[in-house]
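Close look at the chain arrangement
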Amino acid sequence: VYKRQLLLGGSFTSVDGETRGGLARIQIDRYDDGSLDPFFSVWANGTVRAIRLQQESSYSLPTGLIVGGDFTALNGLPRNHIARLSLTLAEIPDDPYEEGFVAHVDGSFAAGGGVDGTVFALGALPDETHFAAGNFANVSGSPRTSIAHL
């Protein structure tokens, strides 16, 4: 949960009757029972098991997401078990007080081939150095058993 948004990862193909492939964003607050962000549409061809929000500070908007799991593609682009999504703020037309996020697969992240097995967890240090943990032996062609600095 981040400032009235809930990020969902899993093996689902729809949320609230709308097509979504393993990743979705829901708006939540005391006035809303949870509406699906219409702009956040990302399709994973497998299960999303880990999500890590990226932002410059706790007061700034998120700039991206790192996702991990059993997938080998996001939005049709090859991504072996790990990917970064860049986020762009979008205003929801029916409500100028609400915002949504458009997500784009970052082509520069994990360009070396990704991870050769399932990513189960993602974490970061205070300096935003990211780590992945899971059932893998190599990351971008380098030996990294079960945990790796990204």
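Residues numbered from 1 in each chain as written. Predicted model: local features only at pLDDT ≥ 70, side-chain atom pairs only at ≥ 80, totals over all residues. Heavy atoms only, no water.

The next point concerns the sheet that holds strand β14 (residues 130-135). Read from one edge to the other, the open sheet built from three strands follows the order β13-β14-β17, with strand pairing classed as antiparallel. Only two strands of the sheet have a single neighbouring strand rather than two, namely β13 (118-124) and β17 (147-149). Neighbour to neighbour, the strand axes of the sheet diverge by 25° on average, direction disregarded. Strand direction decides the pairing type here: β13 and β14, joined by six bridges, are antiparallel. Paired with Thr 118 across the bridge in β14 is Asn 135. (Pairing = 2+ DSSP bridges. Helix = DSSP H or I, 4+ residues; strand = E, 2+ residues; numbered from the N terminus. Axes fitted to C-alpha atoms, helices over the stretch in contact; angles between N-to-C directions.)

A few words on the environment of Gln 54. Locating Gln 54 in the fold gives a position in strand β7 (residues 48-55). The exposure class of Gln 54 is buried, given its relative accessible area of 13%. For the pair Gln 54 and Ala 124, spaced 70 residues apart in sequence, the C-alpha to C-alpha distance is 9.2 Å. Dropping the residues within four chain positions of it, Gln 54 is found in contact with Pro 62, Thr 63, Gly 64, Leu 65, Ile 66, Arg 84, Glu 128 and His 130. (Buried < 20%, exposed > 50% of the residue type's maximum accessible area, 1.4 Å probe, protein only. Contact = heavy atoms within 4.5 Å.)

So, on to the pattern of salt bridges. Under the definition given, this model contains two salt bridges. Residues Arg 49 and Asp 70 are paired through a salt bridge, measuring 2.8 Å at the closest nitrogen-oxygen approach. Residue Arg 49 is found in strand β7, and its partner Asp 70 is found in the loop between β8 (62-69) and β9 (73-74); the two are separated by 21 residues along the sequence. Owing to a relative accessible area of 42%, Arg 49 belongs among the partly exposed residues under this scheme. When its relative accessible area of 27% is taken as the criterion, Asp 70 is described as partly exposed. Among the salt bridges present, the one from Asp 106 reaches Arg 84, with a minimum N-O distance of 3.4 Å. Within this pair, whereas Asp 106 is found in the loop between β12 (99-105) and β13, its partner Arg 84 is found in strand β11 (residues 82-91), the two being separated by 22 residues in sequence. Note on accessibility: Asp 106 and Arg 84 belong to one class, buried. (Salt bridge = Lys/Arg side-chain N within 4 Å of Asp/Glu carboxyl O.)

Right, let's get into the side chain of Thr 47. Its place among the elements puts Thr 47 in the loop between β6 (42-43) and β7. By relative accessible area, which is 18% here, Thr 47 ends up buried. Once you skip the residues sitting within four places of it in the chain, Thr 47 turns out to touch Gly 10, Ser 11, Gly 68, Gly 69, Asp 70 and Phe 71.

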